[in-house]
Amino acid sequence: MNAIERLKQAAGPNGYSDDANEIAPHLTEWRGKYTGHSPLLLKPASAGELSALLAICHETGTAVVPQGGNTGLVGGQIPFHGEVLVSTKRLNKVRTVDPHAPALVVEAGVTLAGVQQAAHEAGLFFPLSLASEGSCTIGGNISTNAGGTHVIRYGMTRALVLGLEVVLADGRILDLLRLLPKDNTGYDLKQLFIGAEGTLGIVTAAALKLFPQPKSRAVGFAAVASPAAALDLLGQMQARTGGLVSAFELLPRLALELVLAHIPGTRDPLSAPSPWYVLVEATAGEGVDLTTLFESGLMGADDAVVAASAAQGAALWKLRESISEAQKLEGASIKHDIAVPVAKVPEFLAVTVPQVLKLAPGARPVSFGHLGDGNLHFNFQSPQPGDDKPFLALWEEMQLIVHDAVHGFGGSISAEHGIGIMKRDALPRYKSHAELDAMRAVKAAFDPKNILNPGKLVPPVLRL
Ligand SMILES: Cc1cc2nc3c(=O)[nH]c(=O)nc-3n(C[C@H](O)[C@H](O)[C@H](O)COP(=O)(O)OP(=O)(O)OC[C@H]3O[C@@H](n4cnc5c(N)ncnc54)[C@H](O)[C@@H]3O)c2cc1C
């Protein structure tokens, strides 16, 4: 019996599909940039089932690609070479909630919105928040070390993981599901799987840190003259609120204009245009006069509006969250998910935007994002709607300019989306031989037959 037939037999009738119609949605990613092919979709419902399947893959040298919600933006979840797909969608149980830790244990295929809901039902709060939260899974969030809008207060996914359960390449189950904030018993192995993009093991469950539910929330939209002024405002907001800022998002005027032009039901919340804006949110527990603290923090802005209701807060957030969609509706854009040290953001923008415009005269900069983390979506819109083809032909060259600049500022060419296939070959330009060799050694130790998401994340050794 060949490997595919053995996998089908081990999976049982509910545990696999070879129906092309059922497999098709798993082959193309959200933006339609990458498409793959696969003969088989495995759908294990427990770590034990996955363990039996991976043991067969290991024995037969069958390559697999793990997939959660298929919302990844760097092609990591796509089977480019006909690998077997492993969907985590049936690993969908909330196992336990521990109100004292406080923490919960969920299986990898639970959506991020499902994790937030389970925490909410227990009177607690899980702070990870992404625009894709209705579809992405916690296993995918862990495997990409996802960021989002609340990193400034709660950290990346890595900071929220207490323990993991992982099935290794040879099928063994690694039980690291500990609810311990303190555990100094040697290598912290779970960290290796966070951000590993499915190249070292398949995450089947996670113990996640929970927080008290915020009792009050303030949302404001402020006009500032420049990114440097936005950073000053951030310092002031943090000082006045005692570190209660939970989101601090930078937007240029063009981002707002694109949203107002393309997204129905949006309006400019301020009376006069400003070159830059920030969307700021703060949350607090009981007994804190958040509104007074928040408004005093916003005094440094040129103009500002504070939401008077949850609906107004949602309307302000909609301006920020619609930027990607508005960019798409406007036409072609070239995007970069980058980070530089927070204090360097203004200088990075001042130096790098002109370099890009030299390559692409007339391109329209739409640099927005998580200023509090130094993470910008450093995007450029085509000079005119309809100019798409010649503009998109500059993709590689523009990326090189941007990534070189980011590197020069001590930054990262992937702040939160990961490496996948999209940025894999860029890594050797920015990482030392020692760092790349260490990555390859870790990969070889956990996956000696190279069957877990082969070709993703870890650059091959160049042979000259
Ligand atoms: C509209 C939109 C907004 C987004 N906003 C953000 C944002 O603000 N911040 C951010 O960080 N990202 C964002 N993303 C990117 C994406 O949602 C995240 O990368 C998310 O964490 C991926 O989760 P997923 O379940 O969809 O994973 P997939 O896309 O299915 O997989 C992503 C990677 O993880 C691996 N993987 C998945 N599950 C497992 C598992 N259980 N074990 C091992 N490996 C696994 C895959 O092989 C692949 O390499 C956004 C995407 C969209 C479409």
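(A) Fine view of helix α13 (residues 345–359). The first and last C-alpha atoms of α13 sit 21 Å apart over 15 residues, in line with the 21 Å expected at 1.5 Å per residue. Of all the positions in α13, only V345, P346, F348, L349, T352, V353, V356 and L359 are classed as buried. Residues of α13 that are buried make contact with α8 (227–241), β14 (276–284), β17 (337–339), β18 (364–370), β19 (375–381) and α15 (395–408).

(B) Layout of the site of the ligand. Of all residues adjacent to the ligand, which total 34 residues, the nearest are P66, T71, G72, S132 and T137. For the ligand, an oxygen atom lies 2.8 Å from a polar atom in the backbone of G69. In isolation the ligand exposes 980 Å². Once the protein is present, 94% of that is buried. Sorting the residues of the shell around the ligand by element identifies β3 (64–67), α5 (138–144) and β10 (202–209) as the ones contributing at least two each.

(C) Fine view of the side chain of D447. Mapped onto the fold, D447 is located in the segment after α17 (433–446). A residue is classified by how much of its surface remains accessible, and D447, at 2% relative accessible area, is buried. If we ignore the near neighbours within four places in the chain, the residues touching D447 are A169, T199 and L452.

(D) Seen up close, the packing of aromatic side chains. As enumerated under the stated definition, the model contains eight aromatic pairs in all. For the pair Y154 and F211, a centre-to-centre distance of 4.9 Å together with 70° between the ring planes defines the contact as edge-to-face. You can see Y154 sitting in helix α6 (residues 151–154) and its partner F211 sitting in strand β11 (residues 211–212), a full 57 residues away along the chain. On the accessibility criterion, Y154 (14% relative accessible area) is buried.

(E) Here's a closer look at the environment of S432. Checked against the element boundaries, S432 lands in the loop between α16 (427–430) and α17. You can call S432 partly exposed: its relative accessible area is 40%. Here E435 takes part through its backbone nitrogen, which lies 3.0 Å from a polar atom of the side chain of S432.

(F) Expanded view of the packing of α13 against α15. It is the contact of α13 with α15, at a shortest axis distance of 10 Å, that shows an interaxial angle of 160°. Taken together, α13 and α15 sit at an angle that is classed as roughly antiparallel. Once α13 is placed against α15, the crossing between them reads as right-handed. Across the interface between the two elements, F348, T352, Q355, V356 and L359 of α13 pack against E397, M398, I401, V402, A405 and V406 of α15. Here the residues of the contact of α13 with α15 are counted per class, giving eight nonpolar, two polar and one charged.

(G) Representation of unusual backbone geometry within the structure. For the bond running from A101 to P102, omega is -25°, close enough to zero to count as cis. Here P102 lies in the loop between β5 (94–98) and β6 (103–107). Here the phi dihedral of N70 falls at roughly 60°; this positive angle occurs in a residue that is not glycine. On the secondary structure map, N70 appears in the loop between β3 and β4 (84–87). The phi angle at E197 is positive, at roughly 55°, despite the residue not being glycine. Turning to its location among the elements, E197 is positioned in the loop between α7 (190–193) and β10. You can call E197 buried: its relative accessible area is 10%.

(H) Spotlight on the nonpolar core. Ranked by internal contacts, the top residues of the largest apolar core, which has 45 residues, are L233, F248, F348, F378 and M398. At six residues, the largest contribution of residues to this core is made by α13. The contact partners of M398, leaving out residues within four places of it in the chain, are I334, H336, V356, L359, A360, F380 and F391.

(I) Focus on the environment of L298. For L298, the position within the fold is in the loop between α10 (290–297) and β15 (303–306). Of the residues examined, L298 reaches a relative accessible area of 6% and is grouped as buried. Among all residues touching L298, those that are not within four sequence positions of it are A222, L233, M237, V280, A304 and V306.

(J) Highlighting the side chain of S322. Along the chain, the position of S322 falls in the loop between α11 (310–321) and α12 (323–330). Among the polar contacts made by the side chain of S322, one reaches the main-chain carbonyl oxygen of K318 at a distance of 2.6 Å. Ignoring any residue separated from it by four or fewer positions in sequence, one finds S322 in contact with V259 and I263.

(K) Fine view of the pattern of salt bridges. Applying the stated criterion to the full structure yields 20 salt bridges. As a salt-bridge pair, R6 and E59 come within 3.1 Å of each other at their nearest N and O atoms. A residue pair is termed long-range when its members are at least 10 positions apart, and R6 in helix α1 (residues 3–11) and E59 in helix α3 (residues 47–60) qualify at 53 residues. Take R6: its relative accessible area is 25%, and that puts it in the partly exposed class.

(L) Spatial organisation of the packing of helix α9 (residues 253–262) against α12. With their axes 8 Å apart at the nearest point, α9 and α12 run at an angle of 70° to one another. When the axis of α9 is compared with that of α12, the two are roughly perpendicular. Contacts between α9 and α12 pair A255, L258, V259 and H262 from the former with I323, A326, Q327, L329 and E330 from the latter. When grouped by side-chain class, the residues that make up the contact of α9 with α12 number six nonpolar, two polar and one charged.

(M) Representation of the sheet that holds strand β1 (residues 16–17). What the four strands build is an open sheet, ordered β1-β2-β4-β3; its pairing is mixed. Here the strands that pair on one side only, and so sit at the sheet edges, are β1 and β3. Across two bridges, the pairing between strand β2 (residues 41–42) and β4 is parallel. What sits directly across from L42, in β4, is V86.

The rules behind the values
Residues numbered from 1 in each chain as written. Predicted model: local features only at pLDDT ≥ 70, side-chain atom pairs only at ≥ 80, totals over all residues. Heavy atoms only, no water. Helix = DSSP H or I, 4+ residues; strand = E, 2+ residues; numbered from the N terminus. Expected span 1.5 Å × (residues − 1). Buried < 20%, exposed > 50% of the residue type's maximum accessible area, 1.4 Å probe, protein only. Contact = heavy atoms within 4.5 Å. Near = heavy atom within 4 Å. Polar contact = N/O pair within 3.5 Å; in protein donor to acceptor, adjacent residues only side chain to side chain. Areas by Shrake-Rupley, 256 points an atom, 1.4 Å probe, with all protein chains shown as cover. Phe/Tyr/Trp six-rings, centres within 6.5 Å; stacked < 30°, edge-to-face > 60°. Axes fitted to C-alpha atoms, helices over the stretch in contact; angles between N-to-C directions. Parallel < 35°, antiparallel > 145°, perpendicular 65-115°, else oblique. Left-handed = near helix turned anticlockwise from the far one by under 90°. Nonpolar A, V, L, I, M, F, W, Y, C, P; charged D, E, K, R; others polar. Core = buried A, V, L, I, M, F, W, Y, C linked by side-chain atoms within 4.5 Å. Salt bridge = Lys/Arg side-chain N within 4 Å of Asp/Glu carboxyl O. Pairing = 2+ DSSP bridges.

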